[in-house]
Amino acid sequence: MKEVKNVVICGAGMMGNMIALVFSSCPDFNITVWNRREKPCKEVIKDNLEQLRDKGIITDAEIEERLARIAFVFPDKGKEFAEADLIIECVAEVMETKQDLFAELEGICRDDCIFATNTSVMSPTEIAEKCEHKERVVGTHFWNPGHLIPLVEVVKTDATTDEVADTVMDFMAKIGKEPCLCKKDVPGFIANRLQHALWREAISIVERGIADAPTVDRAIKNSFGLRLPQLAPLENSDLVGTDLTYSIHQTVLQAIEDTHEPSPLLKEMMDRNEMGFKTNKGFYDWTDESKAKVSADLNTYLIK
């Protein structure tokens, strides 16, 4: 496998900064964050590191060490790109923007430099469309918040070589992530497909009047949601037995939502401008204080 030493992160938005923060935990790599325009990247990363310090996870000295490992450049693509072993693209979720960036970088980077896209919804195969060396393009989907969620989905395109996928899987493990290989470039990759299968049924239960939104969420949080980190679905199936899983599915799958279209309830909510946090009304009523509490509680929970 190829050795990864020099890493460039393209795009200094929320995910780009969080990925740089993750990489900074390892002194073995040279990390550069590139952006088209100057942004207060270092301050954003420092704020998140200080949150970890306040929870007793790192020290002030470690914060300074980690910030010192990250270089910030804009807008030119210089030697950092020419020497890069791995490029991780975190630019806007616009297909042409991503395609054009990788096509441009092919004229700057070495032929053996790996191009990784952090897209959460777009096809890495399509993102690689304008590249000559499509075999070096791979998906690396970090989950938000990128510095607290362990998972990175490594997604093979139709052309990605096994060596490229194996190299990226190995690199992600070295920086302390939990890489999972998605062997096929499919919508939603692995985890989002699972997540939205649950969301579809949760919304359907509300739509059908079986239970209201707080009840649905409370049922999840106080049942299988508690055990999921320790006992995942396929482990659970083996625990109870394939025969019991089969028997349960014979009954329950007939009643579970299986539509391929978004719920009409979502469209009705959008028509009423019930857009969640954006308008302070969705499945719940929100205030600035309650929204801030949800975000803060999530980070505290993940850090713990």
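To be clear, the structure that these remarks concern was listed above.
Residues numbered from 1 in each chain as written. Predicted model: local features only at pLDDT ≥ 70, side-chain atom pairs only at ≥ 80, totals over all residues. Heavy atoms only, no water.

It is worth spelling out the overall build of the chain at this point. Counting its regular elements, the chain contains 14 helices and eight strands. Taken over the C-alpha trace, the chain has a radius of gyration of 21 Å; the compact-globule value for 304 residues is 19 Å, and the two agree within 12%. Its C-alpha atoms give the chain principal-axis dimensions of about 60 × 45 × 40 Å. Counting the 304 residues in the chain, one finds 41% classified as buried. Put simply, 68% of the contacts in the chain that link residues at least 6 apart link residues at least 24 apart. Taken together, the 36 basic and 52 acidic charged side chains of the chain have centroids lying 3 Å from each other. (Helix = DSSP H or I, 4+ residues; strand = E, 2+ residues; numbered from the N terminus. Rg over C-alpha atoms; globule rule 2.2 N^0.38 Å. Buried < 20%, exposed > 50% of the residue type's maximum accessible area, 1.4 Å probe, protein only. Contact = heavy atoms within 4.5 Å. Lys, Arg positive; Asp, Glu negative; His and termini not counted. Charge placed at Lys NZ, Arg CZ, Asp CG, Glu CD.)

Our next topic: the pairing of strand E5 (residues 114–117). Taking every second residue as pointing to the same face, both faces of E5 are buried, with Ile114 and Ala116 on one and Phe115 and Thr117 on the other. Crossover strand E4 (residues 86–89) to E5 through helix H5 (residues 95–105) is right-handed. The pairing of E5 with strand E6 (residues 137–142) spans three bridges and is parallel. When the sheet's bridge partners are listed, alanine 116 is paired in E6 with valine 138. (Right-handed = clockwise from strand over helix to strand, strands pointing away. Pairing = 2+ DSSP bridges.)

What follows is about the nonpolar core. Ranked by internal contacts, the top residues of the largest apolar core, which has 38 residues, are Phe23, Ile88 and Phe171. No other element matches helix H1 (residues 14–23), which puts six residues into this core. Setting aside anything within four residues of it in sequence, one finds isoleucine 88 in contact with Val8, Ile9, Cys10, Ile19, Phe23, Ala116, Asn118, Thr140, Phe142 and Met172. Core analysis: the second largest hydrophobic core is formed by 20 residues, Trp34, Ala84, Cys109 and Cys131 among them. (Core = buried A, V, L, I, M, F, W, Y, C linked by side-chain atoms within 4.5 Å.)

So, about the pattern of salt bridges. Within the structure shown, the criterion is met by 18 salt bridges. Put simply, lysine 130 and aspartate 100 hold a salt bridge, and the shortest N to O gap is 2.6 Å. With lysine 130 in the loop between helix H6 (124–127) and E6 and aspartate 100 in helix H5, this pair connects stretches of sequence that are 30 residues apart. Lysine 293 is the partner of aspartate 297 in a salt bridge, and the nearest nitrogen-oxygen pair spans 2.6 Å. With aspartate 297 and lysine 293 both in helix H14 (residues 288–303), this residue pair falls four residues apart, about one helical turn. Residue aspartate 297 is classed as partly exposed on the basis of its relative accessible area of 38%. (Salt bridge = Lys/Arg side-chain N within 4 Å of Asp/Glu carboxyl O.)

Turning to the side chain of serine 24, a few remarks are in order. Along the polypeptide, serine 24 turns up in the loop between H1 and strand E2 (30–34). Taking the relative accessible area as the measure of exposure, serine 24 reaches 0% and is therefore buried. If we skip the residues at most four places from it in the chain, serine 24 touches Ile31, Arg66, Arg69 and Ile70.

Turning next to helix H2 (residues 41–54). The end-to-end C-alpha distance of H2 is 20 Å, a good match for the 20 Å that 14 residues give at a rise of 1.5 Å each. If you check which residues of H2 are buried, you get Cys41, Ile45, Asn48, Leu49 and Leu52. Along H2, the residues classed as buried sweep out an arc of 100 degrees about the axis, all on the same side. Its buried side turned inward, H2 meets H1, helix H3 (60–68), strand E3 (70–73) and H14. Phi for glycine 56, located one or two positions after H2, is positive at around 80 degrees. (Expected span 1.5 Å × (residues − 1). Arc of directions from axis to C-beta.)

This brings us to the sheet that holds E5. Taken in spatial order, the eight strands line up as E3-E2-E1-E4-E5-E6-E7-E8 in an open sheet, and their pairing is mixed. Both outer strands of the open sheet, E3 and strand E8 (178–182), are each paired with one neighbouring strand and no more. For this sheet, the mean inter-axis angle between neighbouring strands, taken without regard to orientation, is 25 degrees. (Axes fitted to C-alpha atoms, helices over the stretch in contact; angles between N-to-C directions.)

Attention now moves to the pairing of strand E1 (residues 6–10). In terms of burial, E1 is a largely internal element, five of the five residues being buried. Side-chain alternation along E1 places Asn6, Val8 and Cys10 on one buried face and Val7 and Ile9 on a second face that is also buried. Bridge analysis of E1 against E2 gives five bridges, and the strand direction is parallel. Across the sheet, residue asparagine 6 finds its bridge partner in E2, namely asparagine 30. Regarding topology, H1 serves as the crossover connection from E1 to the parallel E2, and that connection is right-handed. In this structure, E1 lies alongside E4, joined through four bridges in parallel fashion. By the bridge assignment, valine 7 is partnered in E4 with leucine 86.

On their own, these measurements won't tell you what the molecule is for.
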